[in-house]
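The chain contents come next:
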Amino acid sequence: LNAHIVGQNDAKRAVAIAMRNRWRRRQLPGDLMKEVTPRNVLMIGPTGCGKTEVARRMAALSDAPFIKVEATKFTEVGYHGRDVDQIIRDLMDISIN
């Protein structure tokens, strides 16, 4: 992450630790893997501080699908509306292709 992101040391550290822990979880035997729950990373900050770029780089490094969605228009509709279903469909499309 240091090669691509300037500053944001706390965010890069949290993301790096989360990625390492997820990798370590995958190395466990199947019965133990079920017992170790992966942690999610919640990035909060003002517009333009680099949250999206950190997430994009994290996805690229871990070979995971990435989609950016503007959440403000979806929170007005609610979490159970058709729009949220479309977000999931888009993520599935990206992960399959």
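Before reading further, recall that the structure is shown in the block above.
No experiment lies behind these values; they were computed from the predicted model shown. (Residues numbered from 1 in each chain as written. Predicted model: local features only at pLDDT ≥ 70, side-chain atom pairs only at ≥ 80, totals over all residues. Heavy atoms only, no water.)

Another point: a nonpolar patch on the surface. A contiguous nonpolar patch, built from Ile88, Met92 and Ile96 and spanning about 320 Å² of accessible area, is present on the exposed surface. Structurally, Ile88 can be placed in helix H5 (residues 82-96). Judged by relative accessible area, which is 48%, Ile88 ranks as partly exposed. (Patch = residues over 30% accessible without salt bridge, like charges linked within 9 Å, V, L, I, M, F, W, Y side chains within 5 Å. Areas by Shrake-Rupley, 256 points an atom, 1.4 Å probe, with all protein chains shown as cover. Salt bridge = Lys/Arg side-chain N within 4 Å of Asp/Glu carboxyl O. Helix = DSSP H or I, 4+ residues; strand = E, 2+ residues; numbered from the N terminus. Buried < 20%, exposed > 50% of the residue type's maximum accessible area, 1.4 Å probe, protein only.)

Let us now look at unusual backbone geometry. In this structure, Asp63 takes a positive phi of about 55 degrees despite not being glycine. Tracing the sequence through the fold places Asp63 in the loop between helix H3 (51-61) and helix H4 (72-77). A residue is classified by how much of its surface remains accessible, and Asp63, at 73% relative accessible area, is exposed.

Inspection of the secondary structure assignment puts Ile94 in helix H5. The spatial distance from the C-alpha of Ile94 to the C-alpha of Ala64 is 9.5 Å, given a sequence separation of 30 residues.

Another point: H3. Restricting attention to buried positions, one finds in H3 the residues Val54, Ala55 and Ala59. Down the axis of H3, the smallest arc covering the buried residues is 135 degrees, so these residues share one side. Away from its buried face by more than 90 degrees, H3 exposes Ala60 and Leu61. After H3 finishes, the residue Asp63 shows a positive phi value of roughly 55 degrees. (Arc of directions from axis to C-beta.)

Any two side chains of opposite charge can pair, given that their charged atoms come close. Tallying each qualifying case throughout the model produces two salt bridges. Arg57 is the salt-bridge partner of Glu53, the closest N and O atoms lying 2.8 Å from each other. Taken together, the residues Glu53 and Arg57, both in helix H3 and four residues apart, mark about one turn of the helix. Overall, Glu53 belongs to the partly exposed group, its relative accessible area being 28%. Since its relative accessible area comes to 29%, Arg57 is described here as partly exposed.

Quick look at the side chain of Lys12 now. Topologically, Lys12 is positioned in helix H1 (residues 9-26). Comment: no salt bridge for buried Lys12; closest opposite-charge side chain is Asp10, at 10 Å. Other than its neighbours up to four places away in sequence, Lys12 contacts Leu1, Asn2, Ile5 and Gly7. (Lys, Arg positive; Asp, Glu negative; His and termini not counted. Contact = heavy atoms within 4.5 Å.)

Turning to H1, a few remarks are in order. Under the 1.5 Å per step criterion, the end-to-end length of H1 is 26 Å for 18 residues, consistent within 8% with the ideal 26 Å. Three or more residues of H1 are buried, namely Lys12, Val15 and Ala18. Buried residues along H1 cover an arc of 130 degrees about the axis, so they all sit on one side. Residues of H1 that are exposed and point more than 90 degrees away from the buried face comprise Asn9, Asp10 and Arg13. Of the surrounding secondary structure, the elements contacted by the buried residues of H1 are H3. (Expected span 1.5 Å × (residues − 1).)

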